[in-house]
Amino acid sequence: MTSIAAHTGPGEPHWPAAGLLGTLPAGTRHQLIRLGRPVRFEGGERLLREGESGSYAFLLLSGWFKVLATTEDGREALLAVRCGGDIVGELACFDGQPRIATVSPHPTGPRTARAVRRCSRRRPRAGGASRRP
């Protein structure tokens with residue numbers, strides 16, 4: 001599979017075109033990144049926990065993250081893998097329902113994100129992009 005990156009300026013990471021940051025114009029992308037506070041995760045930590053309420057999302061900047069859900073018999077099932085340029089946790093922000101999945105970093109490599117709150121009110125274009133299927 002070929003990886004396609006969004007066009008970025010000098011010194012800026014190349015965001016995958018399929019991720020949130022890869023779909024945004026540079027100005028909107030920079031505004032969204034600056035909204036949050038930087039967070040670094042170690043292996044074994046959880047960014048988000050299934051069933052908890054939430055008023056924030058994480059904009060993933062580097063590393064790999066697992067999206068997991070609990071099955072009816074109590075096992076964890078892998079739903080998705082996310083990477084830098086993606087956003088996780090946004091559904092609970094928009095619908096007010098408990099989180100539907102747990103997100104944890106892959107145990108190897110650097111993992112960074114920015115905690116983002118109320119981005120859709122302050123930057124409607126960025127918030128709208130995060131709600132797309």
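In this report, the structure presented in the accompanying data block is examined. (Residues numbered from 1 in each chain as written. Predicted model: local features only at pLDDT ≥ 70, side-chain atom pairs only at ≥ 80, totals over all residues. Heavy atoms only, no water.)

So, a nonpolar patch on the surface
Residues Trp 64, Leu 78 and Val 81 make up a contiguous nonpolar surface patch of roughly 320 Å² in combined accessible area. Along the chain, Trp 64 falls in strand β3 (residues 64-70). (Patch = residues over 30% accessible without salt bridge, like charges linked within 9 Å, V, L, I, M, F, W, Y side chains within 5 Å. Areas by Shrake-Rupley, 256 points an atom, 1.4 Å probe, with all protein chains shown as cover. Salt bridge = Lys/Arg side-chain N within 4 Å of Asp/Glu carboxyl O. Helix = DSSP H or I, 4+ residues; strand = E, 2+ residues; numbered from the N terminus.)

Thoughts on the sheet that holds β3
Within the open sheet, the three strands sit side by side as β4-β3-β6. Their pairing is antiparallel. Only two strands of the sheet have a single neighbouring strand rather than two, namely β4 (76-83) and β6 (102-105). Strand after strand, the sheet turns through a mean of 30° between neighbouring axes, direction not considered. Bridge count for β3 against β6 is four bridges, and the pairing is antiparallel. Its bridge partner lying in β6, Leu 68 is registered against Thr 102. (Pairing = 2+ DSSP bridges. Axes fitted to C-alpha atoms, helices over the stretch in contact; angles between N-to-C directions.)

Regarding the packing of aromatic side chains
On inspection of all chains with the given rule, the structure shows two aromatic pairs. With 5.5 Å between their ring centres and 80° between their planes, Phe 41 and Phe 58 make a pair best called edge-to-face. Within this pair, whereas Phe 41 is found in the loop between β1 (37-40) and β2 (56-62), its partner Phe 58 is found in strand β2, the two being separated by 17 residues in sequence. In this structure Phe 41 comes out as buried when scored by relative accessible area, which is 6%. You can call Phe 58 buried: its relative accessible area is 6%. Aromatic side chains Tyr 56 and Phe 58 sit 5.5 Å apart centroid to centroid with 85° between the ring planes, which places their arrangement in the edge-to-face category. Classification of Tyr 56 by relative accessible area gives partly exposed; the value is 24%. Three or more aromatic residues link up through ring pairs in this structure, and these residues are Phe 41, Tyr 56 and Phe 58. The aromatic ring of Tyr 56 is capped on one face by Arg 99, whose charged end is 4.9 Å from the ring centroid. (Phe/Tyr/Trp six-rings, centres within 6.5 Å; stacked < 30°, edge-to-face > 60°. Buried < 20%, exposed > 50% of the residue type's maximum accessible area, 1.4 Å probe, protein only. Lys NZ or Arg CZ within 6 Å of the ring centre and 35° of its normal.)

Comments concerning the pattern of salt bridges
For the structure on display, the rule yields two salt bridges. Ionic pairing is found between Arg 75 and Asp 73, a salt bridge with its closest N-O pair at 3.1 Å. Residues Arg 75 and Asp 73 agree in their burial class; the two are exposed.

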